Amino acid sequence: MLQVLLVTFPFFALVLAGYVAARRRMLPLEAIPGLNGFVLFFALPCMLFRFGSTTPITQLLDMRVAGLYLVCGLVIAGVTIALTLNARIRWNDASFGALVAAFPNSGFMGVPLIVALLGASAAGTVILTMVVDMLVTTSLCIALSRLDEAEGNGRSAVFDAARKALKGVLTNPMPWAIVLGGVASAWAFRLPEPVEKTVWLLADAASPVALFTIGAVLARAQMTANHPMPLADYLPVAAIKLFAHPLLVLGAGLVAMQLGLGLSSQALTVMVLVAALPSASNVSLLAERFGADNGRIARIILVSTAAAFLTFSGAVTLLT
C-alpha cells in the first residue's frame, strides 16, 4: 500500500494544489477557462495521440473490452437514474448524476496515473474506455436529460439533444486525437522530427496541468454554489462511482473470463482501475451547459476525487 501511495500521492497532490490556488485566489477564477482550454485543445490531445500512435492497434480495437465496459457503464447509469429520479431530481439532474457516476476521469487523470502504475502497455485499454464514455455513455445521458422537455415538446426535444450530443462529440478534439493516433499506429507513421518534438512537449505538459486544473475547477464550483444541499443528493452517487462501478466491472470481467470470451487479466485490471477513478470533471461543464444542477454535480465530483485518494489506492493494492 505504501508503494502505491508513493505513486498516487503526487497526482492527487496536484489536484489539491489547484484547489488551494483557486480557493486562495492565487489563481484568478477568470484564468481557469484558459487552463481548461490549454489542456482540452492542446496538451491532452497531444498526449492521447502519442499514446495512441505508440500502442498496437489491436489494443485500440479490442471489442471485448469495449463491449464489457459499455454494458457496465450503461447498467451504472440506469441504476443511478432509477435510484435518484424523484419529485425534485427530474430527468435533467438525474441523467447528469448518472453520467457522473458512470464516467471516470480517465482523460485528465486516468491515462497518466494508470500508465505510471502499470506501464505504457495499459494505455490502449484506458484510451478505449475513454472512447466508449465519450461517444456512447455521454451521448445517451445527454439525450435522456432532455426527457423533461420532451414531456411538453414531444420527440423534437430528444432529437435536438441528440444533435447537440453528436455536435459535442465531433467538436471534441480528444476523440480525433485518439483516431489519428490509431491511424498512425496502424500505418507505423511518425511525424516529422520537429513536429513530433513539439507534440511530445505538449503531451508532457498534459498530466500536471490537467490535474492542477481539476482542482481549480472543483474549487470554483464549490465557491459559486449558491444553495445548501442534503447529503443524500450527492453522497450515494459518489459511492456508486467509487465502489459499485469498479465492483461491477470486476464481476462482469471475471464472468467473461470464466465463459472463455478471451478477456485478458491485464485488460480486466486496467478496466477495473479506470472504473475506480473519481468522476470526470468535464461533466460539470456539460451540466452547466444543459441547465442541470451544477452544484450537485460539482459536489459529487469533489467528494469522489477526495475519497479516491484512498479508494483508488486501495483498489490498486488489491489488484496488483
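Residues numbered from 1 in each chain as written. Predicted model: local features only at pLDDT ≥ 70, side-chain atom pairs only at ≥ 80, totals over all residues. Heavy atoms only, no water.

1. Considerations on the pattern of salt bridges
Throughout the structure, instances matching the rule amount to five salt bridges. In this structure, R88 engages D233 in a salt bridge whose closest nitrogen and oxygen atoms are separated by 3.0 Å. Taken together, the positions of R88 in the loop between helix 4 (63–84) and helix 5 (91–102) and D233 in the loop between helix 11 (193–224) and helix 12 (235–258) put the pair 145 residues apart, joining distant regions of the chain. (Salt bridge = Lys/Arg side-chain N within 4 Å of Asp/Glu carboxyl O. Helix = DSSP H or I, 4+ residues; strand = E, 2+ residues; numbered from the N terminus.)

2. Thoughts on helix 13 (residues 265–275)
Burial analysis of helix 13 places nine of its 11 residues in the buried class, the great majority of the element. Here helix 13 has its buried residues at A267, L268, T269, V270, M271, V272, L273, V274 and A275. (Buried < 20%, exposed > 50% of the residue type's maximum accessible area, 1.4 Å probe, protein only.)

3. A closer look at the confidence of the model for the chain
Taken over all residues, the pLDDT of the chain has a mean of 89, while the share at 70 or more is 94%. When the elements of the chain are averaged for pLDDT, helix 8 (residues 147–153) gives the smallest value, 65, and helix 12 the largest, 97. (pLDDT = per-residue confidence, 0-100.)

4. A short note on the nonpolar core
Among the nonpolar cores identified, the biggest contains 95 residues, and L48, F96, M109, V111, I114, V283 and F312 are the most heavily contacted of them. Counting residues per element, this core draws most heavily on helix 11, which supplies 10 residues. Once residues lying within four places of it in the same chain are set aside, the contact partners of L48 are V111, I127, M130, M174, A177 and I178. (Core = buried A, V, L, I, M, F, W, Y, C linked by side-chain atoms within 4.5 Å. Contact = heavy atoms within 4.5 Å.)

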